[in-house]
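A look at the structure
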Amino acid sequence: MAKAKKARKRSLPDASAVGAQSADPNPLGTAVDTFLTSLAADERDGFFAPTLDPERRGAIWMEQADEGELCVNRCSWAIPSQPALNVLRHLAPIVEIGCGANAYWCRLARQAGIDVVGYDMHPNRGGTILAAATVSAANAGSFPVRRGGPSVLAQPENKGRTLFLCYADEDVQEGRDESVSMAAECLKYFSGEYVIHVGELYGDTLSMEQAPWGRSSSPEFQQQLAAQFHCVLEMQLPNWLHVRDTLSVWKRSQTCAIVFAAEDENDQDEEVEYRHIPMDERLPRNRAAPFLEHLLQENGKASATETGGTPSKTEELKRPSLSPTKRQSKKKQRHREEKDNRHEYECPW
């Protein structure tokens, strides 16, 4: 086992390999795939299953941790795929904030002919696990990582670009004493239409310590993202055993107002805001794990409300109605709950 482990370590990727002639176009993806295929099927597919011996699980975990840490320091936290690069190409030009010293996703995108620029507050060591880790000289010359944080999104040359955030969990301090979520700061400066997020999202993580927000971006950012944008695409990415990373695309939502006229001159008009999400921008609401897929069928056909379509009159009648006052009350209650749920975010490997 020890010899096999050392052999895999010697074959671990370096971001400088990206773009080299005859080199693997995605050495990180190859390294992860090699590690996963070295495991038995029940170990790989049921790593957290109670049937797997705990000591064996611990041994696999330590082996993965050693290789994973080196892969992060040499390449990236998340693993790109060709379909993911196709998304970046479709939504180009791209600007990544917090691309890290390796700028692995930027390198692959540039190699694929995609218009992309990358920024990091620490161009020589950003995005690594080890504080002492620095990018190699070969990496430094293959893609120019620009120094900068969220505020560069307000610069004219970056307007009109799609914002790309990959594991944007590092706080940024730009002349202030307190630390804030870098991703949340990006939304303050970003005025574009699309945000691409890579990592785990709310409710989709295996870690009990990092639940429910996952290991990639802060609760503050995810709440703001879901409030200002709507998700139009979610794609599975290659993952380590304990990770559930996805690539998701978010489009800025348009809002409209509903005005409830005052009943008498002593009262004020009441105004509430709703988002307009066109029908062709709504994700299907009809989804289930394979063992419950049959429950989504209603006489052999899914209902319109489940699929995101226009509801029938019968389905519309089933919806409870709320008075404007109750709607406002519920909105304020949700706002208080969101503030209470915010907590300090940590993202250990």
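Scroll up a little and you will see the structure.
Residues numbered from 1 in each chain as written. Predicted model: local features only at pLDDT ≥ 70, side-chain atom pairs only at ≥ 80, totals over all residues. Heavy atoms only, no water.

Considering the sheet that holds strand β4 (residues 162-166)
The condition that has to hold: Here, a strand pair is defined by DSSP locating no fewer than two bridges between the strands. The way it works is that DSSP assigns letters per residue, a run of H or I at least four long becomes a helix, a run of E at least two long becomes a strand, and they are numbered from the N terminus.
Read from one edge to the other, the open sheet built from seven strands follows the order β3-β2-β1-β4-β5-β7-β6, with strand pairing classed as mixed. Strands at the two margins of the open sheet, each flanked by one partner only, are β3 (146-147) and β6 (229-236). By the bridge criterion, three bridges tie strand β1 (residues 94-97) to β4 in an arrangement that is parallel. In the strand pairing of β4, Val 95 is matched with Leu 163.

Comments concerning the environment of Thr 162
The line we're drawing: We call two residues in contact whenever any of their non-hydrogen atoms come within 4.5 Å of each other. Polar contacts, as used here, are pairs of N or O atoms within 3.5 Å; protein pairs need one atom able to donate a hydrogen and one able to accept it. Residues neighboring in sequence count only if both atoms are side-chain atoms.
Relative to the helices and strands, Thr 162 is located in strand β4. Placed 69 residues apart in sequence, Thr 162 and Pro 93 show a C-alpha to C-alpha distance of 6.2 Å. Not counting the four nearest positions on each side in its chain, Thr 162 is found in contact with Leu 91, Pro 93, Ile 94, Val 95, Tyr 194 and Ile 196. A polar contact is formed between the side chain of Thr 162 and the backbone oxygen of Leu 91, at a distance of 2.7 Å.

Brief notes about the pattern of salt bridges
Rule in force here: We count a salt bridge whenever a side-chain nitrogen from Lys or Arg sits within 4 Å of a carboxyl oxygen from Asp or Glu. Here the term buried applies to any residue with accessible area under 20% of the maximum for its type, exposed to any over 50%, and partly exposed to those in between, with areas from a 1.4 Å probe on protein chains only.
Enumeration according to the criterion identifies seven salt bridges in this entry. In this structure, Glu 43 engages Arg 56 in a salt bridge whose closest nitrogen and oxygen atoms are separated by 2.7 Å. Taken together, the residues span a long stretch of sequence, with Glu 43 in helix α3 (residues 41-45) and Arg 56 in helix α4 (residues 54-74) at a distance of 13 residues. The class for Glu 43 is buried, based on a relative accessible area of 11%. A salt bridge links Glu 185 to Lys 188, with the shortest nitrogen-to-oxygen separation between them at 2.9 Å. Within this pair, Glu 185 and its partner Lys 188 are both found in helix α8 (residues 182-189), separated by three residues, close to a single helical turn. Residues joined in a network through salt bridges with shared partners are Glu 193, Lys 251 and Glu 281.

By themselves, these observations are geometric and do not establish any function.
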